[in-house]
Amino acid sequence: MKTLRKGAPLLALMTAMTMALPVSAQDAGKISEDPLELTIHFHFRDKYVYSEKWPVEQKAAEITNIHVRNVASLATTSSRDAFNLLIASGDLPDIVGGDANGGLKEDFIRYGLEGAFIPLDDLIEENAPNLKAFFDSHKDIRNAISGPDGKLYFIPYVPDGKYSRGWFIRQDWLDKLGLKQPETPEEVYEVLKAFRDKDPNGNGKKDEVPYFAREEIDAVRLINLWDARVSGSERYGDFAVYDGQLRHPWAEENYKIGISNVAKWYKEGLIDKEIFTRGARSREYLLGNDLGGMTHDWFASTSTYNDALSPKIEGFALKPMLPPKTASGQRFEDSRRLRVQPVGWAISATNEHPVETIKYFDFWFSQQGRTLSNFGVEGKTYEMVDGKPQFKKEVLDNKDPVNAQLWAVGAQVPRGYWMDYEYERQWTNKIALEGIDLYDKCNCLKDEFMGVSLNADEKATFDRYWPSLLTYMTEMQQTWVLGAQDVNTGWDAYKKRLTALGYDEVIKIMQSAYDRQYKAAQ
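Residue positions within a chain follow its written sequence, with the count starting from 1. Side-chain atom pairs in this predicted model are given and counted only at pLDDT of 80 or more, local residue features only at pLDDT of at least 70, and totals for whole chains, interfaces and linings cover all residues. Think of the side-chain values as coming from all heavy atoms in the structure, minus any hydrogens and water.

Here the focus is the overall build of the chain. The number of helices and strands found in the chain is 23 helices and 16 strands. Referenced to the eigenvectors of the C-alpha coordinate spread, the extents of the chain come out at roughly 75 × 60 × 40 Å. Across the 522 residues that make up the chain, the buried fraction comes to 56%. Residue pairs at least 24 apart in sequence account for 76% of intrachain contacts in the chain once pairs closer than 6 positions are excluded. In the chain, the 65 positive side-chain charges and the 78 negative ones have mean positions that sit 3 Å from each other. The numbering of helices and of strands both runs from the N terminus, where a helix is a DSSP run of H or I of at least 4 residues and a strand a run of E of at least 2. The buried label applies to any residue whose accessible area, calculated with a 1.4 Å probe on protein chains only, is under 20% of its type's maximum; exposed applies above 50%, and partly exposed to all values in between. By the convention used here, residues are in contact when the closest approach between their heavy atoms is within 4.5 Å. When charges are counted, Lys and Arg are positive and Asp and Glu negative, with His and the chain ends excluded. In this description, the location of a charge corresponds to atom NZ of lysine, CZ of arginine, CG of aspartate or CD of glutamate.

Put into structure tokens, the structure is as follows:
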């Protein structure tokens, strides 16, 4: 490792190459004629570090002749702490990566601007054809990860696929009560009342929980029925884009209408009384005890309850359904997979082999590297069938989840790579796939707010006002839903309080950053 020199002269470093070989537009092959070792600090999921012993990493080294040696300590049980301690030491390895609570995007950009990490734009243009092709064809992702100076300071993990969550309903309860899947707010209301009153679980008790959710972001998802958004992205409480204008959805008039109706439904017993407190096990408890009727949750995991509970609950059928049409007649899904994750890896300013390193990064975006990072090692975790990677039977039938098996060999870890959704499709429940296909045909996703990079002045304003604003809005959301106050009579005071807490100042700097990052880049 080398001691970080803030503002180290980058030109000399950029030209300090070893014997580098050309990179094809498909697969890298050997990047260096002689074996080249690069050091890496890569701590992720609070308990893992990068390992040169991973079969995936060993295969990558065999192909590229680049050997990556980890310097992160397993003794640290927080990936965020591991990253912060590394930066504080000033002693950076060649590559810094991983994930952390809240992601590392802002950290890569912040410390890149301060000179800890080098800008990658020229390196990509001249030495990384796969990365260049990717960013040229995914300009929105490039914009989303750019710094306020327009430069790239890290290569991200890029998810694949569109849909993460959807609506699920007890189809067996609908069938028993002679009802169809609801299509409008009025029909949702009638279905939830029937679940409450007509004993669909047949135990003679009025114990059904018509709507339930296990995460904050889905606790008030029903506001979608009145054209209100819970968030502008998969991140709970995020900003949203309305015809090019950035605002927060919890300050919109539709939000007031949505919360008013949700509060009414909560008071009437149509929504879980413990919606904000039951927590992560609510799905398991309420479905496992034949109590829950309707929810909004992850496709892949929620659909598995059909197989798990069918032997226990006769006729159990939890089916995905399209988002009901809203009060205005639209049909939209407010939740989607993030198109880019705020994790990945960066090149430190003290790295003496930046060209070889960017070529190594580029390898993971080649077809060869993408297959390796998604499916593992051929013959070990997958075989090629009709020209496509197919997981081996012993992987799909293993008692351990497929993704856990892949992590163990070094695949699907949050390096800078491009996910292939086919890896997930192969082990996803049939009912989940049917739901995802249903949503895909609907084409009803809302545009995602992909974040902005704030300059120093904007960040100071954001940090001054936003934490208090978000806390206040979240508290009022629960206060209204639980019936402690009425949103209709308190809305004007709420809006005045937002103004007093600096809402307008936050929106102004966010809009400025958004225009710079997305509109100016078009």
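All right, on to the pattern of salt bridges then. Definition used for salt bridges: Asp or Glu carboxyl oxygen within 4 Å of a side-chain nitrogen of Lys or Arg. Overall, the coordinates contain 42 salt bridges when judged by the stated rule. With a closest N to O distance of 2.9 Å, Asp-218 and Arg-221 form a salt bridge. Each of the two residues, Asp-218 as well as Arg-221, counts as buried. Residues Arg-281 and Glu-284 are paired through a salt bridge, measuring 3.1 Å at the closest nitrogen-oxygen approach.

The residue Arg-45 is not glycine, and still its phi comes out positive at about 50°. Summarising the element assignment, Arg-45 is placed in the loop between β2 (36-44) and β3 (48-49). At Asp-46, a position not held by glycine, the phi torsion is positive, near 65°. Looking at the secondary structure, you find Asp-46 in the loop between β2 and β3.

So, on to the sheet that holds strand β8 (residues 165-170). The four strands lie next to each other as β9-β12-β8-β13, forming an open sheet whose pairing is mixed. The open sheet has two edge strands, β9 (209-211) and β13 (318-321), and neither has a second partner. Pairwise comparison of adjacent strand axes, ignoring direction, gives a mean angle of 35° for this sheet. Set on the sheet, helix α20 (residues 430-442) makes contact with β8 and β13; between it and β13 the angle comes to about 15°. For two strands to be treated as a pair, DSSP must find no fewer than two bridges joining them. Between the N-to-C directions of two axes lies an angle of 0 to 180 degrees, each axis being a line fitted to C-alpha atoms and, for a helix, fitted only over the stretch in contact.

This paragraph deals with the state of the cysteines. Here, two cysteine sulfur atoms that lie within 2.5 Å of each other are counted as a disulfide. Throughout the structure, instances matching the rule amount to one disulfide. Each sulfur of the disulfide joining Cys-442 and Cys-444 lies 2.3 Å from the other. Its S-S torsion of approximately 130° makes the covalent link between Cys-442 and Cys-444 right-handed. Among the residues examined, Cys-442 registers a relative accessible area of 23% and is labelled partly exposed.

Interhelical geometry of helix α11 (residues 253-267) versus helix α22 (residues 487-500) gives an angle of 150° and a closest axis separation of 10 Å. By the angle between their directions, the pair α11 and α22 is classed as roughly antiparallel. Relative to α22, α11 is oriented so that their crossing is right-handed. Facing α11, whose interface residues are Glu-253, Tyr-255, Lys-256, Ile-259 and Ser-260, α22 presents Val-487, Asn-488, Trp-491 and Tyr-494. Here the contact of α11 with α22 is built from residues that sort into five nonpolar, two polar and two charged. Throughout this description, any angle smaller than 35 degrees is read as roughly parallel, any larger than 145 degrees as roughly antiparallel, any in the 65 to 115 degree range as roughly perpendicular, and the remainder as oblique. Each crossing gets its handedness from the near helix: less than a right angle anticlockwise from the far helix is left-handed, clockwise is right-handed. Under the grouping applied here, Gly and all other residues not named as nonpolar or charged are polar, the nonpolar ones being Ala, Val, Leu, Ile, Met, Phe, Trp, Tyr, Cys and Pro and the charged ones Asp, Glu, Lys and Arg.

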